[in-house]
Amino acid sequence: MEESPLHPFELHNYLTVNLGGLDISINKAVIMMWVVVGLISILMIMAGSARRLVPGKLQSLGEILVDFIRGMILDTMGPDGMKFFPLIATLFLFILFCNWLGLIPGTYTVTSQIIVTAVFAGFVYTLSIVLGFVLHGLKFLGILVPPGTPGWMLPLMIPIELISQLARPVSLAVRLFANMTAGHTILAVLFGMVISLPVYIGVLPFGATLFVNGLEAVLIAPIQAYIFTILTCVYLGDAVTLHGHSEHAH
Amino acid sequence: MPQFESHFFSSLIFWEVVSFGILLFVLYKFAFPGILSVLEEREKKIKDSLDQAEIHRSTAERKLKEYEAKLEGVSREAEGILLAAKERAQRVMEENEQRLIAEADRIKGDATREIDHERRKAIQEIRTQTTDLALMVAEKVVQRSLTDADHRRLADEALDALSKSSR
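Residues numbered from 1 in each chain as written. Chains lettered and ligands numbered in written order. Predicted model: local features only at pLDDT ≥ 70, side-chain atom pairs only at ≥ 80, totals over all residues.

Undergrad: With reference to specific residues and values, describe the overall build of chain A.
TA: The number of helices and strands found in chain A is seven helices and four strands. With respect to the three principal axes, the spread of C-alpha positions in chain A is 70 × 50 × 45 Å. Out of the 250 residues belonging to chain A, those deemed buried represent 34%. Looking at chain A alone, contacts between residues at least 24 apart form 64% of all its contacts between residues at least 6 apart. (Helix = DSSP H or I, 4+ residues; strand = E, 2+ residues; numbered from the N terminus. Buried ≥ 20, exposed ≤ 12 C-beta atoms within 10 Å, placed from the backbone. Contact = placed C-beta atoms within 7 Å.)

In structure tokens, the structure reads:
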């Protein structure tokens, strides 16, 4: 039986639901979101309720995750960035667990849906822009002028910076979506080989499947979640401190 | 690509926003405060412990220096005491030796004197007896009594001759 390597990304509605004309049908990706939300909630609530000075395993896991995210925020945004901790931590955990759980055979990788990553990226970018204008007013437009730019370069620099700004949400969304899609496509291709080849050759792609799956789980899934989150921190940090502008003023 | 089938978009967006919102609320309300406070508490505790340890370390170092100085003083003192004791023992030993030698000399001198005295006494006794004997013999030879003074004179002469000849 030959099937497309993109088959794992197909969705089918299990239950058609309509909310005031809006189609909110239940499909595999939606169920995976629920599972992710449930799993993270249970894990983190249990980790947070132990509150022991010398932590147990679960508490350690929760603390490692939280401390990791905290370090990320403090490194990029400083202590002020801790205001955004709940948002950034939730984003990181949500993406991380979507990436991870999707690697279990038979499940669905929510983050391989471009619309899901686009919503996150759009939200983060919009938030950074709104925040920038709320905090700095029209001065926030200074983000389009890198510090030290001579006046006559402005007509050139502003369009370039504008494009780079607009590319931010797009690259943020596409990077995660493309990485997840590519990883799972490779896995699907390899596993297709395992099924279609005779057993004595099939063990080779089978080994490769296991290897790539491990690679995805250990490296790609956490790294992509990390990249998405750290870029979120950077964008929000830019909006809060208005980097270039404050340095320019000196 | 199946991901671009737009008829799933509305449900995915809706459930993504709802799920994320619920997760954010749950974690914000029930999980993060606990974990963050434990982390901060532990950080503070570790920092305090380190500060405390630093204080203890400097105290210990100071004490150690004090004790070392004290120990050195004590050891110097002990050395002095030992040296003095040795000197004293040496002196006592030498004194004893000298005392014993003197005592032995004294005993030897006494004994020598005693022996000398006894010898002289014995010689005197022999002399007296010999005199008497000579007198008796002379009386018998001469067949007449001499006065006591004669006896004495004769005897002394004889003895002198005797002692001269015996020398």
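The discussion continues.
Undergrad: Which residues make up the overall build of chain B, and what values do they have?
TA: A count of helical and extended segments in chain B gives two helices and zero strands. The C-alpha atoms of chain B give a radius of gyration of 62 Å, which is well past the 15 Å a tight globule of 167 residues would have. The C-alpha extent of chain B, read off along each of the three principal axes, is 190 × 35 × 25 Å. In chain B, buried positions account for 8% of the 167 residues. (Rg over C-alpha atoms; globule rule 2.2 N^0.38 Å.)

Undergrad: How would you summarise the environment of Gly21 of chain A if you had to cite specific residues and measurements?
TA: Relative to the assigned elements, Gly21 of chain A resides in the loop between β2 (18-19) and β3 (22-23). Along the primary structure Gly21 of chain A and Met32 of chain A are separated by 11 residues, whereas in three dimensions their C-alpha atoms are 24 Å apart.

Undergrad: Got a sec to walk through the interface of chain B and chain A? Specific residues and values, please.
TA: Tallying the contact residues gives 31 residues for chain B and 40 residues for chain A. Here the side of chain B that touches chain A is composed, by residue class, of 23 nonpolar, five polar and three charged. (Nonpolar A, V, L, I, M, F, W, Y, C, P; charged D, E, K, R; others polar.)

Undergrad: Residue-level account of the packing of helix α1 (residues 28-50) of chain A against helix α3 (residues 85-101) of chain A, with values.
TA: Residue and element names in this part refer to chain A. Put simply, α1 and α3 touch, their axes get as near as 10 Å, and they point 120° apart. With respect to their mutual orientation, α1 and α3 come out oblique. Here α1 and α3 pass one another in a crossing that is right-handed. In this structure, α1 uses Met32, Val35, Val36, Leu39 and Ile40 to contact α3, whose residues at the interface are Leu93, Phe94, Phe97, Cys98 and Leu101. (Axes fitted to C-alpha atoms, helices over the stretch in contact; angles between N-to-C directions. Parallel < 35°, antiparallel > 145°, perpendicular 65-115°, else oblique. Left-handed = near helix turned anticlockwise from the far one by under 90°.)

Undergrad: Residue-level account of the environment of Leu187 of chain A, with values.
TA: Relative to the assigned elements, Leu187 of chain A resides in helix α5 (residues 154-196). Contacts of Leu187 of chain A, omitting those with residues within four sequence positions, involve Thr209, Val212 and Asn213 of chain A.

Undergrad: Can you explain helix α4 (residues 114-136) of chain A? Please cite residues and give values.
TA: Its 23 residues place the ends of α4 of chain A 32 Å apart at the C-alpha level, agreeing with the 33 Å of an ideal helix rising 1.5 Å per residue. Those residues of α4 of chain A that fall on the buried side of the exposure criterion are Ile114, Ile115, Val116, Thr117, Ala118, Phe120, Ala121, Val124, Tyr125, Ser128 and Gly132 of chain A. Next to the buried residues of α4 of chain A lie α3, α5 and α6 (199-241) of chain A together with α1 (9-142) of chain B. Two residues or fewer after α4 of chain A comes Gly137 of chain A, characterised by a positive phi angle close to 65°. (Expected span 1.5 Å × (residues − 1).)

Undergrad: Explain the packing of α5 of chain A against α6 of chain A to me, and be specific about the residues and the numbers.
TA: Residue and element names in this part refer to chain A. For the pair α5 and α6, the least separation of the axes is 9 Å and the interaxial angle reads 170°. The orientation of α5 with respect to α6, classified from their angle, is roughly antiparallel. Here the residues of the contact of α5 with α6 are counted per class, giving 18 nonpolar, six polar and three charged.

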